[in-house]
Amino acid sequence: MAMIEFKNVSKWYGSFQVLKDCTTQVEKGEVIVVCGPSGSGKSTLIKCVNGLEPFQSGSLIVNGQSVGDKATNLPQLRAKIGMVFQNFELFPHMNVTANLNLAQVKVLGRGVEEATAKSHALLRRVGLIDHAQKFPGQLSGGQQQRVSIARALAMDPIAMLFDEPTSALDPEMINEVLDVMVELAQEGMTMMCVTHEMGFARKVAHRVIFMDRGEIVEDATKNDFFGTPRSERAQQFLSKILHH
Amino acid sequence: MDFGFLTQPAFSGGGTYLDWVISGVKWTLLVSLCAWVIAFTIGSVLGVMRTTRVAWLYGPATAYVELFRNIPLLVHMFIWYFVVPEIVPNTLGTWMKQGMPMPEFWSAVLALGFYTASRVAEQVRSGIQSIPRGQTHAALATGLTMPQVYRHLLLPMGYRIVIPPLTSEFLTIFKNSSVALTIGVLELTAQARTISEYTFRTFEIFTLATVVYVLITMAVVVVMQLLERRVQVPGYIGTGK
């Protein structure tokens, strides 16, 4: 069974439909890149996975649990799905270690020492152990985003969601974040990434989903997508972001 | 100006006029601090209630805020002192009028406290709502429950953001406490007025009262600045400096 399975998921803001009958799935260990023009619903789609955005019709099964079902314990489900945001969203009043410890202690019930050991191991891994005691406001954007990836990994997630993780970064900081993501992908992490970093997609994605106006227009393997995208809209999009 | 009259024996009570001033300061501080405890506690609860999307929480909180902040403070004083004892059950009303110690003090505390609570509530609400939604999303995404998000993120950050306006509110409560003289609390302004009637040193005594109010509020400002500095978030944009 797929780890994440969308079936005809639709969502409206008032009378405006932001997601139209979206159907796709993510297998365990798969890396999916979701791209498309702004306002096409990619962020909304990915936020449905952990229930941050509710949807009105269709079904969405994550790790065997129905996200839309009222009986589903959303906090419990979210604890297993890591998420990284465009604007990092670290908690500004806590230092880096405390940011990583919070959910480990409050959600997983780990002791502070155990949590700190885990946090420091992850900070070492993303190259930020020297900044463990600093506050988010004292770090660069790239550093904050790496902390935020470490914060998600601290929960030992079964899948990771990335919502435009490099869009708010200066060009020279993008690679330090992408490097961490590539490493994760190569280790076999299940990943769903909204991103326009086509280099990243080429390198590690298994499939690419292209969205436009709330619809999944393309859902193809990496080679098919970059080789012969079927829809005209996807071709236009690719020609715009690849050739300049 | 001649402040010599302060050390003269007062018209009644056996002490000097300075003792009357000191007693006035004591009541000003007591009314204000007790009222602030009520205002801060109830205001915080109401402010949080107004930020939720649960109708039975934000509905009553909104009703409270609109009712209490739209009635003049003076009317609050009269209602708590004159009206409330008449509309509560008979035995309680009789006790409030005859048995309750210091009825004017408690009426003033409740009036000032509940009135200021509506203003504190709005500040707490605006503090919480000024935190970007992405922050709440990020906290929820790690598996925290909504109450935990309030406890560990929205309240600690929200309070930090509204320390400056809360300081103003805290100052206002000391100044507003002077309205309590209308229901017979002998706080600083009331004492100044009485002393001026006995000594005709109107200019001196109100100058003294003014200086005392300024000293009290300056002390509050200093304490709140220390608090602000203590909880300042390094590198956070909102904290300036």
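Scroll up a little and you will see the structure.
Within any chain, residue numbers begin from 1 and follow the written order of that chain's sequence. The lettering of chains begins at A and the numbering of ligands begins at 1, in the order of writing. With the structure being a predicted model, the display of local features is reserved for residues of pLDDT at least 70 and the display and counting of side-chain atom pairs for 80 or more, all residues being used for whole-chain, interface and lining totals. Hydrogens and water are ignored here; the side-chain numbers use all heavy atoms of the structure.

A.B. asks: I would appreciate a short explanation of the state of the cysteines in the present structure.
C.D. replies: What is meant by a disulfide is a covalent connection between two cysteines, made through their sulfur atoms. Pairs of cysteine sulfur atoms within 2.5 Å are what we label disulfides. Under the defined criterion, the tally for this structure stands at zero disulfides over all chains. Cys 193 of chain A forms no disulfide, and the closest cysteine sulfur to it belongs to Cys 35 of chain A, at a distance of 11 Å.

A.B. asks: Where do I start with the nonpolar core in this structure?
C.D. replies: The nonpolar side chains of soluble globular proteins are, as a tendency, buried together. All names here are of chain A. For this analysis, a nonpolar core means a set of buried residues of the types Ala, Val, Leu, Ile, Met, Phe, Trp, Tyr and Cys, connected via side-chain atoms within 4.5 Å. Exposure is judged per residue with a 1.4 Å probe applied to protein chains only, and the accessible area is read against the type maximum: over 50% gives exposed, under 20% gives buried, and values in between give partly exposed. With 101 residues, the main nonpolar core has Ile 4, Phe 6, Leu 60 and Met 192 as its most contacted residues. Each residue touching Phe 6, except ones within four places of it in the same chain, is listed here: Cys 22, Thr 23, Thr 24, Leu 45, Cys 48, Val 49, Ser 59, Leu 60 and Met 192. Among the nonpolar cores identified, the runner-up in size contains 48 residues, and Ala 154, Val 182, Met 189 and Met 191 belong to it. Contacts were defined at the residue level, with two residues in contact if any of their heavy atoms lie within 4.5 Å.

A.B. asks: Would you mind going over the interface of chain A and chain B with me for this structure?
C.D. replies: By convention, interface size is frequently given as the accessible area that disappears when the constituent parts associate. Taken together, the contact between chain A and chain B spans 24 residues of the former and 21 residues of the latter. Overall, the association of chain A and chain B removes approximately 1,900 Å² of surface from exposure, summing both partners, and the carbon and sulfur fraction of that is 69%. Definition used for salt bridges: Asp or Glu carboxyl oxygen within 4 Å of a side-chain nitrogen of Lys or Arg. Put simply, chain A and chain B have zero salt bridges between them. As used in this structure description, the phrase polar contact means that two N or O atoms lie within 3.5 Å; if the pair is within protein, one of them must be able to donate a hydrogen and the other to accept it, and residues adjacent in sequence are counted only when both atoms belong to side chains. Counting across the interface, chain A meets chain B through four residue pairs in polar contact (both at pLDDT 80 or more). Two parts placed together each lose some accessible area under a 1.4 Å probe, and adding up what both lose gives the buried area.

A.B. asks: Just checking my understanding: could you explain the packing of helix H1 (residues 17-51) of chain B against helix H9 (residues 188-199) of chain B for this structure?
C.D. replies: Helices that pack against each other are described as a pair by the angle of their axes relative to one another and the distance between those axes. All names here are of chain B. Relative orientation of the contacting elements H1 and H9 amounts to 160 degrees, with a least axis distance of 7 Å. It follows from the interaxial angle that H1 and H9 lie roughly antiparallel. For the element pair H1 and H9, the recorded crossing hand is right-handed. Counting all contacts with H1, which are made through Tyr 17, Trp 20, Val 21, Ser 23, Gly 24, Val 25 and Thr 28, the residues of H9 involved are Leu 188, Gln 191, Thr 194, Ile 195, Tyr 198 and Thr 199. Any residue outside Ala, Val, Leu, Ile, Met, Phe, Trp, Tyr, Cys, Pro, Asp, Glu, Lys and Arg is labelled polar, Gly included; the first ten of those are nonpolar and the last four are charged. Partitioned by chemical class, the residues of the contact of H1 with H9 number seven nonpolar, six polar and no charged. A fitted line through C-alpha atoms serves as each axis, taken over the contacting stretch for helices, and the angle formed by two N-to-C directions is quoted from 0 to 180°. For helices the rule is a DSSP run of H or I covering at least 4 residues; for strands it is a run of E covering at least 2, with both sets numbered from the N terminus onward. With respect to orientation, any angle under 35 degrees is reported as roughly parallel, any angle over 145 as roughly antiparallel, any angle of 65 to 115 as roughly perpendicular, and every other angle as oblique. Should the near helix be turned anticlockwise from the far one by less than a right angle, the crossing is termed left-handed; should it be turned clockwise, right-handed.

A.B. asks: Please explain the packing of aromatic side chains as it appears in this structure.
C.D. replies: Aromatic rings considered in pairs are described by the distance between their centres and by the relative angle of their planes. Residue and element names in this part refer to chain A. By convention, a stacked pair of Phe, Tyr or Trp rings (six-membered ring in the case of Trp) has centres within 6.5 Å and planes under 30 degrees apart, an edge-to-face pair has planes over 60 apart, and any other such pair is tilted. Following the criterion strictly, the structure yields 16 aromatic pairs over all chains and no others. Ring geometry for Phe 210 against Phe 237: centres 5.1 Å apart, planes inclined by 50 degrees, an arrangement best described as tilted. Here Phe 237 lies in helix H9 (residues 232-242) and Phe 210 lies in strand E9 (residues 207-212), a separation of 27 residues in the sequence. Neither residue differs from the other here; Phe 210 and Phe 237 are each classed as buried.

A.B. asks: How should I be thinking about the packing of helix H5 (residues 141-153) of chain A against helix H6 (residues 171-186) of chain A in this particular structure?
C.D. replies: All names here are of chain A. Contact geometry for H5 and H6: axes closest at 8 Å, N-to-C directions at 20 degrees. Relative to H6, the element H5 is oriented roughly parallel. Handedness of the H5/H6 crossing: right-handed. Contacts between H5 and H6 involve Gly 141, Gly 142, Gln 143, Gln 145, Arg 146, Ile 149 and Leu 153 on the former and, on the latter, Met 173, Glu 176, Val 177, Val 180, Met 181 and Leu 184.

A.B. asks: Sorry, what's going on with the side chain of Thr 195 of chain A here?
C.D. replies: Residue and element names in this part refer to chain A. Looking at the secondary structure, you find Thr 195 in the loop between strand E8 (191-194) and helix H7 (198-204). Within the local environment of Thr 195, its side chain forms a polar contact with the backbone nitrogen of Glu 197, the two atoms lying 3.0 Å apart. Apart from residues no more than four positions distant in its own chain, Thr 195 is found in contact with Val 33, Val 34, Cys 35, Thr 166 and Phe 200.

A.B. asks: Help me out: how do you make sense of the sheet that holds strand E1 (residues 4-13) of chain A in this one?
C.D. replies: Through backbone hydrogen bonds, the strands of a sheet pair up, either in parallel or in antiparallel fashion. Residues and elements named next belong to chain A. Two strands pair if DSSP finds at least two bridges between them. Ordered in space as E2-E1-E4-E5, the four strands form an open sheet in which the pairing is antiparallel. A single partner strand is all that each edge strand has here, and the edge strands are strand E2 (16-26) and strand E5 (65-66). As defined by bridge partners, E1 adjoins E2 across seven bridges and the pair is classed as antiparallel. Among the inter-strand pairings, Glu 5 is bridged to a residue of E2, identified as Gln 25.

A.B. asks: Just checking my understanding: could you explain the environment of Thr 116 of chain B for this structure?
C.D. replies: Residue and element names in this part refer to chain B. As for its position among the elements, Thr 116 is in helix H5 (residues 103-129). Judged by its relative accessible area of 2%, Thr 116 falls in the buried class. Distance from Thr 116 to Thr 202, taken between C-alpha atoms, is 31 Å for residues 86 residues apart in sequence. In this view, Thr 116 contacts Trp 36, Ala 39, Glu 169 and Ile 173; residues no more than four positions away in its chain are not counted.

A.B. asks: Quick question: what am I supposed to make of the pairing of strand E6 (residues 81-84) of chain A here?
C.D. replies: For a regular strand, side-chain orientation follows a simple rule: the groups alternate between the two sheet faces. Residues and elements named next belong to chain A. Here E6 shows a buried face lined by Ile 81 and Met 83 and a second buried face lined by Gly 82 and Val 84. Where E6 meets strand E7 (residues 159-163), four bridges bridge the pair, whose relative direction is parallel. Counterpart to Val 84 in the pairing with E7 is Phe 162.

These results come straight from atomic positions and should not be treated as a statement about function.
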